[in-house]
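Architecture and fold: a report
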Amino acid sequence: MTTLETTRPDATSRRTPALSERALLQYEVEQFLYEEAALLDARRYRDWLGLLADDIHYWMPIRRTVTLSDLDLEFTRPGEMAFFDDDREMLEMRVRKLEAGSAWSEDPPSRSRHFVSNVRLLEIDRDEVTVEACFQLCRSRLNSEASTWVGRRIDVLRRDGEAFRLARRQLFLDQTIILSTNMSTIF
Amino acid sequence: MADGTQVAHAWTKAEILSLFDPATGKLDRRVLSDEGIYQLELERIFARGWNFMCHESQLKGPGDYLISYIGEDQVIVVRDEEGGINVLLNTCRHRGNALCRAEQGRAKSFVCSYHGWNYALDGRLIGVPGQKTYYHDELDRSRLGLARARVENYLGFYFATLADDAPPLYDYLGDVGRTGLGMVCAHGDVEVVAGVQKNIVDCNWKIAVDNLFDWYHVPYSHVSAHTAGFFDIAAILHPKNQMVMLGEWGHAIGGPAIPREMQAQIDAMSDEQREAASRAIENSPRLRPRQATELMGPIGVRSQGHPNIFPNLWITLDGAQLCLRLPRGPSATELWWFTVVPKAAPPALKRRLVSMATHFFGPAGLLEQDDGENWSQSTRAARGVASRSLGQHLSMGLGHGEVVVGANDERFVEGLVSEHGQRWLYRAWTEWMAAHDWADLEANHSPPPAGVI
């Protein structure tokens, strides 16, 4: 059975552009992802919201420690419980909460560093690019708290004129029990 | 010692009873950080009480299992071929190795990865490599099954205890515990939605538990979620319509309640009328159907608050979620969130309940984020030499509450936001901690009071 964690290594694009075209697209996508990470690390949440498509789905299922024979149970599925299962409205609420001046879990604010690597273009459409990447989010809080969240994510970037908008983000965390007091940071 | 008791602890009965003073609401802060007290809690509270394991819907067929805990004892909760649910200590009788490393799954039997001892789903030792050769057929397998906890269920919620002398679960829950689980089933039979959110907070487990009775913190701790437009504090708090129900063994329910006159109007409505009225009032708890009164009692059915089944099972979101607070040392607690939906609910309602549960609580929940931060800092800031010598202050409403005795012997206090629930919790806690066994606890615990508290 295919699990959510399984990437099709032979994932072929619907049309196969020339190498020069793919390299350019790879560059554009990576720059978008780095720019996005920089906005979050700089706490420019309003600007970050500007990168999101109106119909964004932002989702982090729950992962479970399971045996090889039960790998189909590793992740919760859409509609089941999740850590994040957000539409644009919910993400805007998260940002308003961060800005409220009374979000005690983020005041003093966390210092975060979003690392994105191993970027691969899984599918290239006329309007959308499906991107797989590894992520590492390091959060330093107060004087003694340090959290590191590592995982794999699948993003769908949609063309919007010269720019991209983030239309879907699926975050597959490597942790099962979250080893932190909270996840008050945007991934 | 062979019975698992710690060899030495310095806390005498009198010292333990002095850790909380119900007359002033002062709690000794050492209960939040002392290692000796923590070890005693594992023995006298968690190993002795009934601990929530799972709901029957989580284990559908034979061999379905999940891992849970009784204190820090890890257990396998598994359905066997006969359909029964067993709770087995997850430690091989040979050298102690953990048999199960997964959180959940499906098994035909449990084989130890160290030397291959094989246990049936009911814990019987059914295979030992080298039984005939190396052991000369002298090993009495019948005496080497996995250690089993006592298991009982109420409304499909399974609990386990390591104490042979504990009262039956039904009696242990009492009126208040049964009302709490009744709240979960008020709209009909439920099933657990796949996915238990788990995270670890560096707080003492009791801070998380006493917080569930604390409706005083809601407008301040959670103001950012209100400001962000996520929820309306006024719609859920009702600070003047609060009710605290006090139950035996430390169970309690605290929080907003439907006023008596309003409940009388609801009682006169048919289930269809209640559904229609619920649809008309957006973001308000769904009116409970008639059967809820049987499950929760005529007083309990008015509660829209938070039941806690002593020691560590919180029921919230009008019964849509259960949260276990598992001790992991004096300064660490694992939070496990179970979400339920009525089996018969229409898909749109199920989606709404799941969405609510996802966004309120859990480590990324818009309310829970700030709770974790406060609990962690409350544990940390209260453990220094000077800081821990100051008492925790739990005096709100002291002397201003009148415990009314209901027609079915319910004990409840109505009025303003108060700390009656927290005081009841800590009073029970000292009694559990001071008692050597169930007989001692039964003889020396406080029954739920009546009159002024």
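Residues numbered from 1 in each chain as written. Chains lettered and ligands numbered in written order. Predicted model: local features only at pLDDT ≥ 70, side-chain atom pairs only at ≥ 80, totals over all residues.

1. Here we look at the overall build of chain A
Here is the rule: Secondary structure is summarised from DSSP: a helix means a run of H or I of at least four residues, a strand means a run of E of at least two, and numbering begins at the N terminus for each. Radius of gyration: C-alpha atoms only; globule rule: 2.2 Å multiplied by the number of residues to the exponent 0.38. Distance between backbone-placed C-beta atoms decides contact: two residues are in contact if it is within 7 Å.
The secondary structure content of chain A amounts to three helices and six strands. For 187 residues, the compact-globule formula gives about 16 Å, and the C-alpha radius of gyration of chain A, at 17 Å, lands near that figure. A principal-axis box enclosing the C-alpha atoms of chain A has dimensions of 50 × 45 × 30 Å. If you take every contact in chain A between residues at least 6 apart in sequence, the share linking residues at least 24 apart comes to 61%.

2. Structural notes on the overall build of chain B
Selection criterion: Field definition: a residue is buried when 20 or more other C-beta atoms are found within 10 Å of its C-beta, exposed when 12 or fewer are, and partly exposed for counts in between, with C-beta atoms placed from the backbone.
Helix and strand content of chain B: 15 helices and 24 strands. In terms of overall dimensions, chain B is globule-like: its C-alpha atoms have a radius of gyration of 23 Å, near the 22 Å expected for 453 residues. Counting only C-alpha atoms and orienting by the principal axes, one finds that chain B spans roughly 75 × 55 × 45 Å. Evaluated residue by residue, chain B yields a buried proportion of 49% over its 453 residues.

3. Here we look at helix α14 (residues 420-434) of chain B
The line we're drawing: Each helix should span, by expectation, one fewer than its residue count multiplied by 1.5 Å.
Taking 1.5 Å as the rise per residue, α14(B) with 15 residues should run 21 Å; its terminal C-alpha atoms sit 21 Å apart, in good agreement. In terms of burial, α14(B) is largely enclosed, as 15 of its 15 residues are buried.

4. A look at the environment of I315(B)
All names here are of chain B. Tracing the sequence through the fold places I315 in strand β18 (residues 313-316). For I315, a count of 27 C-beta atoms within 10 Å corresponds to the buried category. Separated by 104 residues in the primary sequence, I315 and N211 have C-alpha atoms spaced 12 Å apart.

5. Looking at the sheet that holds strand β4 (residues 64-70) of chain B
Sheets are built from strands paired through backbone hydrogen bonds, the pairs being either parallel or antiparallel. All names here are of chain B. Condition: Should DSSP find at least two bridges between two strands, the strands are taken to pair. Between N-to-C directions, angles cover 0 to 180 degrees, with each direction set by a line fitted to C-alpha atoms, over the stretch in contact for helices.
Sheet architecture is open: four strands sit in the order β6-β5-β4-β7, paired in antiparallel fashion. Every interior strand has two partners, whereas the edge strands, β6 (85-89) and β7 (104-106), have only one. On average, each strand axis in the sheet is tilted by 30° relative to the strand beside it, whichever way the strands run. Taken together, the five bridges between strand β5 (residues 73-79) and β6 define a ladder with antiparallel strand orientation. Directly across from I76, in β6, lies its bridge partner L88.

6. Re the sheet that holds strand β1 (residues 20-21) of chain B
All names here are of chain B. The strand order β1-β2-β21 describes an open sheet built from three strands, whose pairing is antiparallel. The strands lining the two open edges of the sheet, one partner per strand, are β1 and β21 (391-393). In this sheet, strand β2 (residues 26-28) lies alongside β1 in antiparallel orientation, the contact comprising two bridges. Opposite D21, over in β2, you have K26 as the bridge partner.

7. So, the domain arrangement of chain B
Residue and element names in this part refer to chain B. We apply this condition: Note: domain ranges come from an automatic or database domain assignment. Gly is put with the polar residues, along with every residue not named as nonpolar or charged; the nonpolar set is Ala, Val, Leu, Ile, Met, Phe, Trp, Tyr, Cys and Pro, and the charged set is Asp, Glu, Lys and Arg.
According to the domain assignment, chain B consists of domain 1 (51-153) and domain 2 (168-452). Taking the mean C-alpha position of each, domain 1 and domain 2 sit 33 Å from one another. Opposite the eight residues of domain 1 that make contact, domain 2 presents ten residues. When its residues are assigned to classes, the side of domain 1 that touches domain 2 shows two nonpolar, four polar and two charged.

8. Description of the nonpolar core
Where a protein is soluble and globular, its nonpolar side chains tend to be buried together. Residues and elements named next belong to chain B. As a reminder of what qualifies: Buried Ala, Val, Leu, Ile, Met, Phe, Trp, Tyr and Cys residues whose C-beta atoms connect them within 7 Å together make up a nonpolar core.
One finds V75, I76, V77, M245 and A252 to be the most contacted residues of the largest nonpolar core, which totals 147 residues. Of the residues forming this core, the biggest block, eight residues, is contributed by α14. The residues that make up this core include at least three from each of domain 1 (51-153) and domain 2 (168-452).

9. Side note on the interface of chain A and chain B
Listed as interface residues are 32 residues of chain A and, on the opposing side, 41 residues of chain B. At the level of elements, β2 (82-86) and α3 (88-99) of chain A are the ones that each hand at least two residues to the side of chain A that touches chain B. When the residues that make up the side of chain A that touches chain B are grouped by side-chain class, the tally is 16 nonpolar, ten polar and six charged.

10. Side note on unusual backbone geometry
In the segment running from D107(A) into P108(A), the intervening peptide bond is cis, with an omega of 5°. Position of P108(A) relative to the elements: it lies in the loop between α3 and β3 (111-124). Note the cis peptide between F310(B) and P311(B), where omega equals 5°. On the secondary structure map, P311(B) appears in the loop between β17 (306-309) and β18. Positive phi is not limited to glycine here, since N118(A) has a value of about 50°. Within the secondary structure, N118(A) sits in strand β3. A tally of 9 C-beta atoms within 10 Å means that N118(A) is categorised as exposed. Unlike most non-glycine residues, H136(B) shows phi in positive territory, near 55°. The topology assignment puts H136(B) in the loop between β10 (125-127) and β11 (150-154). Given 9 C-beta atoms within a 10 Å radius, H136(B) is considered exposed.

11. Quick word on the environment of R288(B)
Residue and element names in this part refer to chain B. As for its position among the elements, R288 is in the loop between α9 (271-280) and α10 (291-300). A tally of 25 C-beta atoms within 10 Å means that R288 is categorised as buried. The spacing of R288 and R124 is 164 residues in sequence and 44 Å in space, taken between C-alpha atoms. Leaving out residues up to four positions away in the same chain, R288 has contacts with A186, H187 and V301.

12. Some thoughts on the packing of helix α4 (residues 205-212) of chain B against helix α12 (residues 368-381) of chain B
All names here are of chain B. To keep things clear, this is the line we draw: Here the angle decides the label: under 35 degrees means roughly parallel, over 145 means roughly antiparallel, 65 to 115 means roughly perpendicular, and every other value means oblique. Note on convention: the crossing is left-handed when the near helix lies turned anticlockwise from the far helix by less than a right angle, right-handed when the turn is clockwise.
Here α4 crosses α12 at 130°, and the two axes come no closer than 9 Å. With respect to their mutual orientation, α4 and α12 come out oblique. Here α4 and α12 pass one another in a crossing that is right-handed. Residues I207, A208 and N211 of α4 touch α12, and the partners they reach there are D371, W375, S378 and T379.

13. Here we look at the pairing of strand β22 (residues 402-405) of chain B
Along any regular strand the residues' side chains alternate between the sheet's two faces. All names here are of chain B. By the bridge criterion, two bridges tie β22 to strand β24 (residues 451-452) in an arrangement that is antiparallel. Across the sheet, residue V403 finds its bridge partner in β24, namely G451. Bridge count for β22 against strand β23 (residues 411-415) is two bridges, and the pairing is antiparallel. Residue V405 lies in a different strand from β23, and its bridge partner there is R411.

14. Section: the pairing of β3(A)
Relative to strand β4 (residues 128-141) of chain A, β3(A) runs antiparallel, the two being bridged by eleven bridges. Bridging from a neighbouring strand, R120(A) pairs with E132(A) of β4(A).

15. Quick word on helix α2 (residues 35-46) of chain B
Residues and elements named next belong to chain B. Which entries qualify depends on this criterion: What the arc describes is the spread of directions from the helix axis to the C-beta atoms.
Across its twelve residues, α2 extends 15 Å between first and last C-alpha, which sits within 8% of the 16 Å expected from 1.5 Å per residue. Restricting attention to buried positions, one finds in α2 the residues I37, Y38, E41, R44, I45 and F46. Take α2 and look down its axis: the buried residues cluster within an arc of 150°, on one side only. Lining the buried residues of α2 we find β3 (51-55), β4, β19 (321-327) and α14.

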